[in-house]
Amino acid sequence: MSSSNLKDIIKTLPPQPGVYQYFNSEGIIIYVGKAKNLKKRVSSYFTKNQTGKTAVLVKQIIDIKTIVVGSEIEALLLENNLIKKYQPKYNIMLKDDKTYPWICVKNERFPRIFSTRNVIKDGSHYFGPYASVKMMNTVLDLIRELYQLRNCNFNLSEKNITDNKFKVCLEYHIGNCKAPCVNKQSEENYNNSITEIKSIIKGNINSVTKHLKPLMKQYAESLQFEKAQLLKEKIETLEKYQSKSVVVSPTINDVDVFSVISDEKYGYINYLKVINGAIIQGHTIELKKKLDETDDALLQIGIAELRQRFESDSREVIVPFTPELNDKEIRFIVPQRGDKKKLLELSERNVKYYRLERNKQKANISPTKHSDRILERMQKDLRMKVLPKHIECFDNSNIQGTNPVSACVVFKDAKPSKKDYRHFNIKTVEGPDDFASMTEVIYRRYKRLLDEKQPLPQLIIIDGGKGQLSASLKSIDELGLRGKITIIGIAKKLEEIYFPGDSIPLYIDKKSESLKVIQYLRNEAHRFGITHHRNKRSKAAITSELDKIEGIGYKTAQQLLWKFKSVARIKKAKLTELESTISKKRAKVVYDFFNEKI
């Protein structure tokens, strides 16, 4: 289909909410999206100058189909279902939850309740997924303690029961089942228990106890004390279970809480379900980004997916920002203080912890992928054309103008390569001239790499601001490396990143992995340089007077200082004392030197 045909389709699109589907030349759906206004949203793809992956997507669109719905929230839900069904190439990919268990209420006469990891679309109710198996088993144990349900897999149809096809089993005799298979329990009574169980799983324990308390009184008043006692024990068990839940505030009744964070490739959505002031469910999903989706787009998908999955009908939703989603039945709240703000912060902590754990898992499984992800982030933040797989960082050290040195540390694949670290003693600069020292060191380092035909780094980091960066550029220009290597300066105070020829610094997000790697390089260069400088100063201090003695070297001077602790004590030492520390010949030389001076 030609571009003119696409324009004709766009012209006829309705200005209503709905879902649009893009098809490629093979008739395959490559993207599904939702819109508040189909005409405006679809036309925006073809009227704007698209970049990156979106531009690649637009080039592949051959046909467009739309589905009009009644509201934006309906569009969001339909979009989510279509993405899961067709898994289009350019849509966010939801990571599967097959590894997590669910509680299943089977779609059958006299439903069974059990845990499963396989979700089958047969009309059964699934609750979960549960990130904690222990939590799920606690809920199942509570249900078994409170209700007598069947666990057999017989077909308890009305015909089979009336034909007496079944006999009571051991479960009936030990009190775990009321034997609906032989008509000892009515279907209505069994289904009442199932309704209560669903409420318990959803966290609506108060509604169950409110129903049971008047029933208990009714049994007691009619002198059915055994039944009343059983209900009393049920109520106590439910209240005990509820007391163990994470209570946030008794004033918060039925609320959903969502938070979102994202990086270059993935988005993470955390969901907390709060019923009667207690958190009864928590879950985090991972979304693979395809078209540089914003946090707002990720949050909308997360809200639709998780509310649908957990069958939530909460009217109040706590979020970090108001999503571009109009729905009269949902009230979005961005709390600024109080208990609801604490809930949001709890959700944000959970989603950050989840991302940290996922990154650790990925790093353990594939270290190269982990380092490549960090380097890709650096490449984007620093506007580089290539991945900075080889980085070098320089730092000068001269305290009170003495013994000026410089350090070069090398990182390969975002990790220190200590065998490639280098120290430089400043040779051509007198006094504390930081700029001239940096010019010398940069020239010496890269002149040698060029002469020896060794690989050059993709990124050079200078510890310092505009002055140190300009000094470095003199050597880079002299060696003809300008434009071949990215070079930046980092100023300590505000962690400003300076680029050549640009007086306005770049500020990278303080939590960014890019900045953390740059800081690590800077701190490592500083540590390496300071250690060398300290050693050089201590050697100079040790030999300050003793090196004037002809025939006395550094090691002999060290031996004397270890024994006598100071040059003043060496001066006062007797010849025999010196001879007990060093050779007689050297002891005589030292003794004569200081005694002649006196």
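Residues numbered from 1 in each chain as written. Predicted model: local features only at pLDDT ≥ 70, side-chain atom pairs only at ≥ 80, totals over all residues. Heavy atoms only, no water.

J.: Even after reading the chapter, I still don't get the overall build of the chain, so can you show me in this structure?
T.: The secondary structure content of the chain amounts to 20 helices and 21 strands. Burial analysis of the chain (598 residues in total) assigns 46% to the buried set. Intrachain contacts of the chain at a sequence separation of at least 6 include 60% that bridge at least 24 residues. For the chain, the computed accessible surface area is about 32,700 Å², with 50% contributed by carbon and sulfur atoms. (Helix = DSSP H or I, 4+ residues; strand = E, 2+ residues; numbered from the N terminus. Buried < 20%, exposed > 50% of the residue type's maximum accessible area, 1.4 Å probe, protein only. Contact = heavy atoms within 4.5 Å. Areas by Shrake-Rupley, 256 points an atom, 1.4 Å probe, with all protein chains shown as cover.)

J.: Is there a simple way to think about the sheet that holds strand E3 (residues 63-68) in this case?
T.: Consider a sheet: its strands pair through backbone hydrogen bonds, and that pairing is either parallel or antiparallel. Taken together, the three strands give an open sheet; going across it, the order is E2-E1-E3, and neighbouring strands pair in antiparallel fashion. Lying at the two open borders of the sheet, with one neighbouring strand each, are strand E2 (29-35) and E3. For this sheet, the mean inter-axis angle between neighbouring strands, taken without regard to orientation, is 20°. Against the sheet, helix H2 (residues 38-47) makes contact with strand E1 (18-23), E2 and E3, and its axis sits at roughly 30° relative to E1, the strand it touches most. (Pairing = 2+ DSSP bridges. Axes fitted to C-alpha atoms, helices over the stretch in contact; angles between N-to-C directions.)

J.: Looking at this structure, I do not really get the packing of helix H4 (residues 72-86) against helix H11 (residues 295-309). What am I missing?
T.: Any two packed helices are characterised by how steeply their axes cross, that is the angle between the axes, and by the distance between the axes. Packing of H4 against H11 leaves a shortest axis separation of 9 Å and a crossing angle of 85°. Taken as axis vectors, H4 and H11 run roughly perpendicular relative to one another. In contact with Leu76, Leu77, Glu79, Asn80, Asn81 and Lys84 of H4, H11 contributes Gln300, Ile301, Ala304, Glu305 and Gln308. In terms of residue class, the contact of H4 with H11 is made up of four nonpolar, four polar and three charged. (Parallel < 35°, antiparallel > 145°, perpendicular 65-115°, else oblique. Nonpolar A, V, L, I, M, F, W, Y, C, P; charged D, E, K, R; others polar.)

J.: Just checking my understanding: could you explain the confidence of the model for the chain for this structure?
T.: Low-pLDDT portions of the prediction should not be read for the details of their coordinates. The predicted model of the chain has a mean per-residue pLDDT of 82, with 90% of residues at 70 or higher. Mean pLDDT in the chain bottoms out at strand E8 (residues 246-247), which sits at 52, and peaks at strand E12 (residues 316-318), which reaches 92. (pLDDT = per-residue confidence, 0-100.)

J.: Can you walk me through the pattern of salt bridges in this structure?
T.: Should their charged atoms come close, side chains of opposite charge can pair. Counted according to the given criterion, the structure contains 25 salt bridges. The residue Lys389 makes a salt bridge to Asp413 at a minimum N-O spacing of 3.3 Å. Of this pair, Lys389 sits in the loop between helix H13 (367-381) and strand E14 (390-399) while Asp413 sits in the loop between strand E15 (402-412) and strand E16 (415-416); the two residues are 24 residues apart in sequence, bridging distant segments of the chain. Put simply, Asp420 and Lys419 hold a salt bridge, and the shortest N to O gap is 3.8 Å. Lys419 sits in the exposed class, given a relative accessible area of 68%. Through salt bridges with shared partners, a single network forms among Asp254, Asp256, Lys273 and Arg307. (Salt bridge = Lys/Arg side-chain N within 4 Å of Asp/Glu carboxyl O.)

J.: Even after reading the chapter, I still don't get the sheet that holds strand E5 (residues 102-105), so can you show me in this structure?
T.: The strand order E6-E5-E7 describes an open sheet built from three strands, whose pairing is antiparallel. Taken across any chain shown, the strands that pair with only one partner, and hence form the sheet edges, are strand E6 (113-116) and strand E7 (125-127). Across the sheet, the mean angle from the axis of one strand to that of its neighbour is 30°, orientation sign disregarded. Those strands touched by helix H8 (residues 187-202) are E5, E6 and E7, and its axis lies near 30° from that of E7.

J.: Help me understand the pairing of E2 in this model?
T.: Counting buried positions along E2 gives seven out of seven residues, so the element sits mostly inside the fold. Pairing of E1 with E2, which is carried by six bridges, proceeds in the antiparallel orientation. The partner of Gln21 across the bridge, within E2, is Val32. Connecting E1 to the antiparallel partner E2 that follows it, the hairpin turn spans five residues, and Gly27 within it adopts a positive phi of roughly 75°.

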